[in-house]
Amino acid sequence: MKYISTRGKAPALNFEDVLLTGLAPDGGLYVPQTLPTYSPEQIAAWSKLSYAELAFEIVKPFVDGAIPDDDLRDIVNDSYSDFRNSAIAPLVQIDHNEWILELFQGPTLAFKDFALQMLGRLLDYVLERRNQKVVVMGATSGDTGSAAIQGCKRCKNLDIFILHPYQRVSEVQRRQMTTVEGDNIHNIALKGHFDHCQAMVKASFADQSFLPGGRQLVAVNSINWARIMAQIVYYFYSAIALGAPNRKVSFSVPTGNFGDIYAGYLAKQMGLPIDQLVIATNCNDILHRFVSSNRFEKQELQHTLSPSMDIVISSNFERMLFDGYDRDGAAVADLMDRFSREDVSVPDSVFAKVRDLFDSGRVSDDETVATIKEVFETSEYLLDPHSAIGVHAARACWRDRSVPMVTLATAHPAKFPEAVMKAGYPESPALPHHMKDLLSLPERYEVLDNDQAAVQAFMASHINA
Ligand SMILES: *Cc1c(COP(=O)(O)O)cnc(C)c1O
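Residues numbered from 1 in each chain as written. Predicted model: local features only at pLDDT ≥ 70, side-chain atom pairs only at ≥ 80, totals over all residues. Heavy atoms only, no water.

Under the annotation held in an unreviewed UniProt entry, the protein carries the name Threonine synthase and is attributed to Litorivivens lipolytica. The annotation that UniProt attaches to the protein under Pathway (unreviewed entry) is "Amino-acid biosynthesis; L-threonine biosynthesis; L-threonine from L-aspartate: step 5/5." Database annotation for the protein, UniProt heading Sequence similarities (unreviewed entry): "Belongs to the threonine synthase family." (UniProt positions renumbered as here; feature names shortened; annotations may be inferred.)

Okay, here's the thing in structure tokens:
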């Protein structure tokens, strides 16, 4: 299987190269040239598979022989071996036909573990075989950094540098990054905002000459295709558990960069009978505004109770638009070029496709808190603020109550005690047992000025030989 850029001008890559890259050289994002599709009979046959067995089946055509089946099976099994619940992605019912898909049973308590546990192992396997070492660099406002560090901590063939905004992530989030042991793990607290961290990473990818000879940077944010691929699995797994392919299922997805729900869209294209896909946003609602009015407009960032969804632009939406434009890369490149200067709309035919595929809802902080409270009162189930946004939007958009509605719970409530306590929960929700000494473990991180030369000098001198 080949991977092509959404802007049509970059050379096609195979799986191994797409794994080791970031953006395409033309500025686009890589997507598979074709998708595997599955008949209802094939999907029905998957109902006997465990999560890891299903993950192997779904990932296999995308890896396309780049890794022998037995090794790929080991990688996938190992990726989910640290999850606390052996169901990996358990479903919990909170009301009639209404379900929560718990995607926070992994080591860092957020759904990003699903992709990053696998990505770290895929990278290490491929690098070992190529006898190559790389440098992983990423910016985080919280969840991505810890999941990437946990995913990469045992990798022998890479150093990982994660930049977080100094004093602007929660203590739990910071400690989930800075208490992980390993010579190859490097945390940088940058004196600035998340945007400064992201700009620093972007500039470093653009000019990698500060790296020692033979090293290159690898991206771990959701522009990396392998992350999307791993996320397709839980849509199939949960829908099959609820009766697919003989029954349709709907999903509501707390959305920031559009990586998670894009995987749901792909699952639908691959044959899973998904009825509705609900884009649930907080006040940073660029996608809700687009789906409502065909206006793609940047707005100032707002800080909310659901910080992992605080974004200005949803980068993965470009992958969706590429399909909307019938895979016309030149048209996408033109749109994105105009969008870098002004607000844009898409042609009616493109907009009609998006409208047909997605519903959307925007949820304020007050509504988030009210939803946490209401769901706790009616089912004693404690939602984190991101998942509460999903539930609120699901209830507002749900067309057919005979179709099960699954809200993806993207984080554990203990990660976001502020919102939970605002909802009247009497105490800070308990961290799972394996994290009980998180608040006493020693931390390691370097505080650096928002200065490119200083950051790159620190990196160059800390990369392991
Ligand atoms: C990253 C994240 C999201 C948003 O996911 P996208 O793929 O960026 O849309 C939602 N909730 C939580 C808890 C997250 O960490």
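Student: Tell me what's going on with the side chain of Thr178, and back it up with residues and numbers.
Tutor: By secondary structure assignment, the location of Thr178 is in helix H7 (residues 171–178). Not counting chain neighbours up to four residues away, the residues in contact with Thr178 comprise Asn187, Pro442, Glu443, Arg444 and Tyr445. (Helix = DSSP H or I, 4+ residues; strand = E, 2+ residues; numbered from the N terminus. Contact = heavy atoms within 4.5 Å.)

Student: Describe in detail the pairing of strand E7 (residues 185–191), supporting the description with residues and values.
Tutor: Counting buried positions along E7 gives six out of seven residues, so the element sits mostly inside the fold. In this region the chain leaves strand E6 (residues 158–165), passes through H7 and returns to the parallel neighbour E7; the handedness of that crossover is right-handed. Pairing of E7 with strand E13 (residues 446–449) involves four bridges; the strand directions are parallel. Of the residues in E13, the one forming a bridge with Ile188 is Glu446. (Buried < 20%, exposed > 50% of the residue type's maximum accessible area, 1.4 Å probe, protein only. Right-handed = clockwise from strand over helix to strand, strands pointing away. Pairing = 2+ DSSP bridges.)

Student: Please set out the site of the ligand residue by residue, giving values where relevant.
Tutor: Lys112, Asp143, Gly256, Asn257 and Thr410 are the nearest of the 15 residues found near the ligand. At a separation of 2.8 Å, an oxygen atom of the ligand approaches a polar backbone atom of Gly256. One of the side-chain N or O atoms of Thr410 is found 2.8 Å from a nitrogen atom in the ligand. When the ligand sits alone it has 390 Å² of accessible area, and the protein chains cover 96% of it. (Near = heavy atom within 4 Å. Polar contact = N/O pair within 3.5 Å; in protein donor to acceptor, adjacent residues only side chain to side chain. Areas by Shrake-Rupley, 256 points an atom, 1.4 Å probe, with all protein chains shown as cover.)

Student: Could you give an account of the layout of surface pockets, naming the residues involved and the relevant values?
Tutor: Taken as a whole, the second largest pocket holds about 300 Å³ of empty space. Together, 14 residues line the second largest pocket, and Pro107, Gln150, Lys153, His434 and Met435 are the ones closest to its centre. Looking at side-chain class alone, the lining of the second largest pocket contains five nonpolar, five polar and four charged residues. (1 Å grid on protein atoms, 1.4 Å probe; cavity = no way out; pocket = protein on both sides within 12 Å on 5 of 7 lines; lining within 4 Å. Points joined across faces, edges and corners; volume = space filled by probe spheres on them. Nonpolar A, V, L, I, M, F, W, Y, C, P; charged D, E, K, R; others polar.)

Student: Could you give an account of the UniProt feature "domain: Tryptophan synthase beta chain-like PALP" (unreviewed entry) in the protein, naming the residues involved and the relevant values?
Tutor: Sequence positions flagged by UniProt for "domain: Tryptophan synthase beta chain-like PALP" (unreviewed entry) are, in local numbering, residues 99–333. The span residues 99–333 is 42% helix and 18% strand, and its two end C-alpha atoms sit 39 Å from each other.

Student: Explain the sheet that holds E13 residue by residue, including any values.
Tutor: The sheet built from five strands is open, its strands ordered E8-E5-E6-E7-E13 with parallel pairing. This sheet does not close on itself; its edge strands, each paired only once, are strand E8 (217–219) and E13. Strand after strand, the sheet turns through a mean of 30° between neighbouring axes, direction not considered. When E6 meets E7, the two strands line up parallel, connected through six bridges. Residue Ile162 lies in a different strand from E7, and its bridge partner there is Asn187. (Axes fitted to C-alpha atoms, helices over the stretch in contact; angles between N-to-C directions.)

Student: Describe the pairing of strand E10 (residues 274–281), naming the residues involved and giving the relevant values.
Tutor: Taking burial as the measure, the eight residues of E10 include eight buried ones, the bulk of the element. Pairing analysis gives five bridges linking strand E9 (residues 249–254) to E10, with the strands arranged parallel. Residue pairing in the sheet places Val249 in a bridge with Ile274 of E10. In this fold, the crossover linking E9 to E10 by way of helix H10 (residues 259–269) has right-handed handedness.

Student: Tell me about the packing of helix H5 (residues 112–130) against helix H9 (residues 225–241), and please be specific about residues and values.
Tutor: Put simply, H5 and H9 touch, their axes get as near as 8 Å, and they point 130° apart. Classified by the angle between their axes, H5 and H9 sit oblique to one another. In the crossing of H5 with H9, the sense of the turn from one axis to the other is right-handed. Between H5, through Lys112, Phe114, Ala115, Leu116, Met118, Leu119 and Leu122, and H9, the contact on the second element is made entirely by Ala226, Arg227, Met229, Ala230, Gln231 and Tyr234. (Parallel < 35°, antiparallel > 145°, perpendicular 65-115°, else oblique. Left-handed = near helix turned anticlockwise from the far one by under 90°.)

Student: Which residues make up empty space enclosed by the protein, and what values go with them?
Tutor: To find leftover empty space, one rolls a probe the size of a water molecule over the atoms. Scanning the model with the defined rule gives one cavity of 30 Å³ or more in all. Approximately 30 Å³ is the volume found for the largest cavity. Around the largest cavity, the lining residues are Cys283, Asn284, Asp285, Ile286, Arg289, Gln299, Glu300, Ile311 and Val312. In terms of residue class, the lining of the largest cavity is built from four nonpolar, two polar and three charged.

Student: Can you explain the pattern of salt bridges? Please cite residues and give values.
Tutor: Under the definition given, this model contains 27 salt bridges. With its nearest N and O atoms 3.1 Å apart, the salt bridge here joins Arg175 to Glu171. With Arg175 and Glu171 both in helix H7, this residue pair falls four residues apart, about one helical turn. Given the relative accessible area of 10%, Arg175 is considered buried. Here Asp337 makes a salt bridge to Arg341, at a shortest N to O gap of 3.3 Å. With relative accessibility at 39%, the residue Asp337 sits in the partly exposed group. The exposure class of Arg341 is exposed, given its relative accessible area of 58%. (Salt bridge = Lys/Arg side-chain N within 4 Å of Asp/Glu carboxyl O.)

Student: Let's hear about the environment of Pro307: which residues, and what values?
Tutor: Relative to the helices and strands, Pro307 resides in the loop between helix H11 (286–293) and helix H12 (317–324). The exposure class assigned to Pro307 is partly exposed, which follows from its relative accessible area of 25%. Each C-alpha atom of the pair Pro307 and Phe114 lies 20 Å from the other, and the pair is 193 residues apart in sequence. The contacts of Pro307, once residues within four sequence positions are left out, are Ser141, His386 and Phe416.

Student: How would you sum up the sheet that holds strand E12 (residues 405–409)? Please name residues and give values.
Tutor: The strand order across the open sheet formed by six strands is E3-E4-E12-E9-E10-E11, and the pairing between neighbours is mixed. Two strands close off the open sheet at either side, each with one partner strand: strand E3 (91–95) and strand E11 (358–362). The mean inter-strand angle of the sheet, taken between neighbouring strand axes irrespective of direction, is 25°. In this structure, E9 lies alongside E12, joined through three bridges in parallel fashion.

Student: I'd like a rundown of the UniProt feature "modified residue: N6-(pyridoxal phosphate)lysine" (unreviewed entry) in the protein, residues and numbers included.
Tutor: Here, the residues flagged by UniProt with the feature "modified residue: N6-(pyridoxal phosphate)lysine" (unreviewed entry) are Lys112. With respect to the helices, strands and loops of the structure, Lys112 is situated in helix H5. Using a relative accessible area of 13% as the deciding quantity, one classes Lys112 as buried. Not counting residues within four places of it along the chain, the set of residues in contact with Lys112 comprises Asp143, Thr144, Ala147 and Arg227.

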